[in-house]
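Read off the chains here:
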Amino acid sequence: MSDFLGHCRDAIGAANVVSASAEIAPHVADWRGRKNGKALAVLKPASTSEVAQIVRLCARFEVPLVPQGGNTGLALGGIPDERGNAIVLSLTRMNRIRGVDPFNNTMVVEAGCILETVRAAAASGGRLFPLSIGSRGSCTIGGNLATNAGGTAVLQYGSMRNLCLGIEAVTADGEIWDGLRALRKDNTGYDLRDLLIGSEGTLAVITAAVLKLVPIPASKRTVLMALRSVEDAVHLLELCQRRCGAMLTGFELMSSYALDLVARHFPAMRSPFNRKHPYCALLELSDPESDQHASALLESLASAATELGLLLDAAVASSEQQSGALWALREHIPLAQAAEGGNIKHDIALPISHIPGFVQATNQTLEETYPGCRIVCYGHLGDGNLHYNVMPAEPINPAIEETISRLVHDGVARFNGSFSAEHGIGAMKVEELCAYRPAVELSMMRKIKQALDPQNILNPGKILTDPRP
Ligand SMILES: Cc1cc2nc3c(=O)[nH]c(=O)nc-3n(C[C@H](O)[C@H](O)[C@H](O)COP(=O)(O)OP(=O)(O)OC[C@H]3O[C@@H](n4cnc5c(N)ncnc54)[C@H](O)[C@@H]3O)c2cc1C
């Protein structure tokens, strides 16, 4: 192995081959503290050709590699396993914005660019890069693409797949594929870009991308609406979409218990309402016309919702600061849950019409089977994506975790949903993929993996089981 690391040092410089265990530690630890892997070293190339050299060395010496961006992923995809025979390939030094084209509404960025930096660069050119997720200060574009990240603006702008026109990547045998095409129409055979998006580092290493930009809306309005039930939230969503169309850019659901957790762990953040309400919906309107137009739309929406008996209370943000405070409530739910500890997370997607039925039936089964359990239900209702997390009264062990997740995911399957909406499979949901996806689908995935990475060096054991012992 010293031979391998010696070649790596020659390729990217000794300072960029990190092998001291204290420096490796943050790269092999899961964000939620659930798992720690081991690695031979962390390699930090600064260019696409350096990535290609490292991948060629990995292929030659049969060393597995785990691509990593900000290591904020929630499915254990970006850290190696405990065998200690893999390297972590950190893309964070590949952080250049290669160019912005305002007429084509695109920008070309390297994989290690932090999402927040990309959003700021787009804004300074008068454009919006719409991907918005709580980890935006740490996660990278490469990670966003590899996980097909979603977030709070999917309703109008789509997930990462819809925000990317082209990709540059290094294949498993170390070839560079320049697919940085900035085209909105390009039907030239199999769509390799779409194949790599969401592939979680198992098919190629993404090194750069062409991202889609949109005009910055003239006005943005945020409102928190208090509701009686999930069913009322679904009716409110339908009303908002009918009245606001594409101007509705965010529709998040938060249960009262989720907001209680935020208040407990972040006392400065409180719901603006005097009373507790079973659910709240956080809405964002992005209006291309003006503040006045947006305010009038919001007023008519609120009165229509009141007339239909959907609205219990509402708090309209009247400044950017107030809007930020409402969004902070939503974005601090995962952080409050991490601080509270002991919860079993589920990132599920359902047809929106089935959400009330799923929540009612699953809450009931869980409460009967695990008396005293608490359910933290929140998420991107507008996309049919819920974070449905369970905190049992008893301490969590692997057996309870497995039984509760099986119960929730079986419910999801009954309601024609998906057990992974936006976090991916990683190393965490490999068994679920086998359990809930048809054999023919798994077989096609294995054939793709075998064709593109016959040596199985790219992130082995993620998405699909690693056939090696
Ligand atoms: C507080 C918080 C809130 C979050 N909210 C959301 C949310 O709303 N929506 C959402 O979708 N996710 C969310 N996430 C999850 C996470 O931030 C996203 O999955 C993000 O896209 C991961 O980016 P990353 O750079 O941290 O990737 P990493 O965690 O480093 O890696 C994730 C996966 O991508 C692969 N990968 C990374 N870079 C590359 C590359 N260049 N080429 C090939 N493969 C690569 C890794 O091998 C791994 O499989 C949240 C996470 C946190 C901590």
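Residues numbered from 1 in each chain as written. Predicted model: local features only at pLDDT ≥ 70, side-chain atom pairs only at ≥ 80, totals over all residues. Heavy atoms only, no water.

Section: the pattern of salt bridges
At step 1: Within this structure, the stated rule accounts for 20 salt bridges.
At step 2: A salt bridge links R193 to D191; its shortest N-O distance comes to 3.1 Å.
At step 3: For D191, a relative accessible area of 37% gives the class partly exposed.
At step 4: Each of R96, R98, E110 and E168 takes part in one network of salt bridges that share partners. (Salt bridge = Lys/Arg side-chain N within 4 Å of Asp/Glu carboxyl O. Buried < 20%, exposed > 50% of the residue type's maximum accessible area, 1.4 Å probe, protein only.)

Re the environment of G77
At step 1: Tracing the chain through its elements places G77 in the loop between β3 (65–68) and β4 (87–90).
At step 2: Given a relative accessible area of 17%, G77 falls into the buried group.
At step 3: Distance from G77 to V230, taken between C-alpha atoms, is 32 Å for residues 153 residues apart in sequence.
At step 4: The residues touching G77, leaving out its near neighbours within four places in the chain, are V66, G426, A427, N459 and K462. (Helix = DSSP H or I, 4+ residues; strand = E, 2+ residues; numbered from the N terminus. Contact = heavy atoms within 4.5 Å.)

Section: the sheet that holds β4
At step 1: Spatially, β1-β2-β4-β3 is the arrangement adopted by the four strands of the open sheet, whose pairing is mixed. Whereas interior strands pair on both sides, the edge strands pair on one side only; in this sheet they are β1 (17–18) and β3.
At step 2: Where β3 lies against β4, four bridges are found, and the strand directions are parallel. Paired with P67 across the strands is L89, a residue of β4. (Pairing = 2+ DSSP bridges.)

Topic: the site of the ligand
At step 1: P67, G69, T72, S135 and T140 are the nearest of the 35 residues found near the ligand.
At step 2: Contacts to the ligand include G70, whose backbone N or O atom sits 2.8 Å from an oxygen atom.
At step 3: In the environment of the ligand, an oxygen atom lies 3.2 Å from a nitrogen or oxygen atom belonging to the backbone of E200.
At step 4: Across the complex, the protein chains shield 96% of the 970 Å² of accessible surface that the ligand would expose by itself.
At step 5: Elements represented by at least two residues in the shell around the ligand include exactly β3, α5 (141–146) and β10 (205–212).
At step 6: Looking at which element gives the most residues to the shell around the ligand, the answer is α5, with four residues.
At step 7: Looking at the shell around the ligand, its residues break down into twelve nonpolar, 21 polar and two charged. (Near = heavy atom within 4 Å. Polar contact = N/O pair within 3.5 Å; in protein donor to acceptor, adjacent residues only side chain to side chain. Areas by Shrake-Rupley, 256 points an atom, 1.4 Å probe, with all protein chains shown as cover. Nonpolar A, V, L, I, M, F, W, Y, C, P; charged D, E, K, R; others polar.)

What to know about unusual backbone geometry
At step 1: For E62, which is not glycine, the phi dihedral falls at a positive 55°.
At step 2: When you line up the elements, E62 lands in the loop between α3 (48–61) and β3.
At step 3: Taking relative accessible area as the criterion, E62 reaches 55% and is therefore assigned exposed.
At step 4: A positive phi angle, close to 55°, is found at N105, a residue other than glycine.
At step 5: Inspection of the secondary structure puts N105 in the loop between β5 (97–101) and β6 (106–110).
At step 6: Its relative accessible area of 19% is what places N105 among the buried residues.

Read these as spatial facts, not as claims about activity.
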